Amino acid sequence: ELTSLFNLGISLSQELTPEGVVDLLFDQVDRLIDVDSAVLARLLTPDRLHCDVLDEGRRLPALDVPLRGPTLSGHVVLTGEPLLIQDYEAELDRLPVPGLTTGVPTASWLGVPLIARGEVIGAVSIQSERPNRFGEGHLRLLRMIANQIAVALDNARLLQTASLRAEELRLVNEIGRYAVSVLDIQQLVREVTSRIQQAFEYYAVAILLVEGERLVPQAVAMARSGRPIHVDRTLSLREKSIMTTVANTGRPWLVPDVAAEPSFYAIPELPEARCELAVPLVIAGETVGVLDVQSDRADGLGEADLE
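Residues numbered from 1 in each chain as written. Predicted model: local features only at pLDDT ≥ 70, side-chain atom pairs only at ≥ 80, totals over all residues. Heavy atoms only, no water.

Describing the overall build of the protein
Turning to step 1, where the next piece is worked out: Within the protein, the regular secondary structure consists of seven helices and 13 strands.
Turning to step 2, where the next piece is worked out: For the protein, with 307 residues in total, the buried portion stands at 47%.
Turning to step 3, where the next piece is worked out: Of the contacts made within the protein by residues no fewer than 6 positions apart, 53% connect residues no fewer than 24 positions apart.
Turning to step 4, where the next piece is worked out: A total of about 16,100 Å² of accessible surface is found on the protein, and carbon and sulfur atoms cover 53% of it. (Helix = DSSP H or I, 4+ residues; strand = E, 2+ residues; numbered from the N terminus. Buried < 20%, exposed > 50% of the residue type's maximum accessible area, 1.4 Å probe, protein only. Contact = heavy atoms within 4.5 Å. Areas by Shrake-Rupley, 256 points an atom, 1.4 Å probe, with all protein chains shown as cover.)

Shown next as structure tokens:
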């Protein structure tokens, strides 16, 4: 076991993708513990788990489940503590959650948290069709495996984030170089909205300019083609909306869930808008317009998009 853990550590020290880490985990768990089923649950958003599943040596389709739903893995993530169930049927009335399970019928279950830099980022669990299959020795072993897996997953995430950040900066610079080369305002707004939408895969991107007391849409690009769509309604700067507020205050506004924001102005041409980010366009201290982006998912935009 110690030799296998040492070899696992060497393998995980390489630059791996999250999928590569999952493959190594399942290989080690299957060899060292001889499980019927194993699950690696990763926090992809604050309220959802992405679950990779190994069932009798076969990878099943991954699942996305609510963190606070009826999942034992979710309970381990939320508490940050291991959970050992010796006999699922006998302990059913005492389980912390009903226990949504995958793969083989569960008789015994063991799960431990994945902790990286003091933060719980997921959980590893193993299952067996036989009761009393796992004990304290398995718990210690799974914890040692989980410690290495958590570090590897965190490193893979940081590497992906850095790569994504570099690509985003490249796209921003590309759009910027194009923008300063165009003198025609109508061509500029049409091309820039389309390029932003395609580069960052937003649901919609709009540029609106201040004309007197109104905010006038100049160009709107909508997923998935990135082609411009026509929106002919203007907004009075005296009306309360996300975009007019940004135009009036000169400060950006990120709304994670537009359904909870009374100032959200619904555009019929963009029926799937769920999240909105508006930033001011400023020249010499004067707000001349608004760059507005929308996502079709609540919490689909964040601080990285604002930056």
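A look at the side chain of Thr-193
Turning to step 1, where the next piece is worked out: Note on placement: Thr-193 falls in helix H5 (residues 185–200).
Turning to step 2, where the next piece is worked out: By relative accessible area, Thr-193 is classed as buried at 0%.
Turning to step 3, where the next piece is worked out: Of the polar contacts made by the side chain of Thr-193, one reaches the backbone oxygen of Val-189; its length is 2.8 Å.
Turning to step 4, where the next piece is worked out: A polar contact of 2.9 Å, which involves the side chain of Thr-193, links it to the backbone oxygen of Arg-190.
Turning to step 5, where the next piece is worked out: Ignoring any residue separated from it by four or fewer positions in sequence, one finds Thr-193 in contact with Val-205, Ala-206, Ile-207, Ala-219 and Ala-221. (Polar contact = N/O pair within 3.5 Å; in protein donor to acceptor, adjacent residues only side chain to side chain.)

So, the pattern of salt bridges
Turning to step 1, where the next piece is worked out: Under the criterion given, the structure shown has seven salt bridges.
Turning to step 2, where the next piece is worked out: Here Arg-59 ties to Asp-52 by a salt bridge, and the two come within 3.6 Å at their closest N and O atoms.
Turning to step 3, where the next piece is worked out: The partly exposed category is assigned to Arg-59, whose relative accessible area is 36%.
Turning to step 4, where the next piece is worked out: With its nearest N and O atoms 3.2 Å apart, the salt bridge here joins Arg-58 to Asp-55.
Turning to step 5, where the next piece is worked out: Judged by its relative accessible area of 7%, Asp-55 falls in the buried class.
Turning to step 6, where the next piece is worked out: Each of the salt bridges in this network shares a partner with another, and the network as a whole consists of Arg-42, Asp-52 and Arg-59. (Salt bridge = Lys/Arg side-chain N within 4 Å of Asp/Glu carboxyl O.)

Structural notes on empty space enclosed by the protein
Turning to step 1, where the next piece is worked out: In total, this model carries two cavities of 30 Å³ or more according to the counting rule given.
Turning to step 2, where the next piece is worked out: When its volume is computed, the second largest cavity comes out at roughly 90 Å³.
Turning to step 3, where the next piece is worked out: Taken together, 13 residues line the second largest cavity, and the ones lying closest to its centre are Leu-208, Pro-217, Val-231, Met-243 and Ile-267.
Turning to step 4, where the next piece is worked out: Classifying every residue of the lining of the second largest cavity by side-chain character gives ten nonpolar, one polar and two charged. (1 Å grid on protein atoms, 1.4 Å probe; cavity = no way out; pocket = protein on both sides within 12 Å on 5 of 7 lines; lining within 4 Å. Points joined across faces, edges and corners; volume = space filled by probe spheres on them. Nonpolar A, V, L, I, M, F, W, Y, C, P; charged D, E, K, R; others polar.)

Concerning the packing of aromatic side chains
Turning to step 1, where the next piece is worked out: Considering all chains together, one arrives at one aromatic pair under this definition.
Turning to step 2, where the next piece is worked out: Residues Phe-200 and Tyr-202 carry aromatic rings whose centres are separated by 5.9 Å and whose planes lie at 25° to one another, so their mutual orientation is stacked.
Turning to step 3, where the next piece is worked out: Across the ring face of Tyr-178, the terminal group of Arg-195 is positioned such that the distance to the ring centre comes to 3.9 Å. (Phe/Tyr/Trp six-rings, centres within 6.5 Å; stacked < 30°, edge-to-face > 60°. Lys NZ or Arg CZ within 6 Å of the ring centre and 35° of its normal.)

Thoughts on the layout of surface pockets
A probe matching the size of a water molecule, rolled over the atoms, marks out where space remains unfilled.
Turning to step 1, where the next piece is worked out: Roughly 760 Å³ of volume is contained in the second largest pocket.
Turning to step 2, where the next piece is worked out: Of all the secondary structure elements, the ones that give two or more residues to the lining of the second largest pocket are helix H4 (136–179), H5, strand E7 (204–211), strand E12 (275–283), strand E13 (286–295) and helix H7 (303–306).
Turning to step 3, where the next piece is worked out: With seven residues, the single largest contributor to the lining of the second largest pocket is H4.
Turning to step 4, where the next piece is worked out: Split by residue class, the lining of the second largest pocket holds 23 nonpolar, one polar and four charged.

Digging into the sheet that holds strand E5 (residues 108–116)
Turning to step 1, where the next piece is worked out: The antiparallel open sheet is built from six strands, whose spatial order is E3-E2-E1-E6-E5-E4. Taken across any chain shown, the strands that pair with only one partner, and hence form the sheet edges, are strand E3 (58–66) and strand E4 (83–85). Strand-to-strand twist of the sheet, defined as the mean angle between neighbouring strand axes without regard to direction, takes the value 20°.
Turning to step 2, where the next piece is worked out: Pairing between E4 and E5: three bridges, direction antiparallel. The partner of Leu-84 across the bridge, within E5, is Leu-110. (Pairing = 2+ DSSP bridges. Axes fitted to C-alpha atoms, helices over the stretch in contact; angles between N-to-C directions.)

Overview of H5
Turning to step 1, where the next piece is worked out: Relative to the 22 Å expected for 16 residues at 1.5 Å per residue, H5 spans 22 Å between its end C-alpha atoms, a close match to the ideal helical length.
Turning to step 2, where the next piece is worked out: Buried within H5 are the following residues: Val-189, Val-192, Thr-193, Ser-194, Ile-196 and Gln-197.
Turning to step 3, where the next piece is worked out: One or two positions beyond H5, positive phi appears at Glu-201, with a value near 55°. (Expected span 1.5 Å × (residues − 1).)

Here's the deal with helix H6 (residues 242–249)
Turning to step 1, where the next piece is worked out: Burial analysis of H6 places six of its eight residues in the buried class, the great majority of the element.
Turning to step 2, where the next piece is worked out: Buried residues of H6: Ile-242, Met-243, Thr-244, Thr-245, Val-246 and Ala-247, and no others.
Turning to step 3, where the next piece is worked out: Structurally, H6 contributes buried residues whose contacts are with E7, strand E8 (214–222), strand E10 (235–236), strand E11 (253–255), E12 and E13.
Turning to step 4, where the next piece is worked out: Once H6 finishes, Gly-250 follows within two positions and takes phi at roughly 75°, a positive value.

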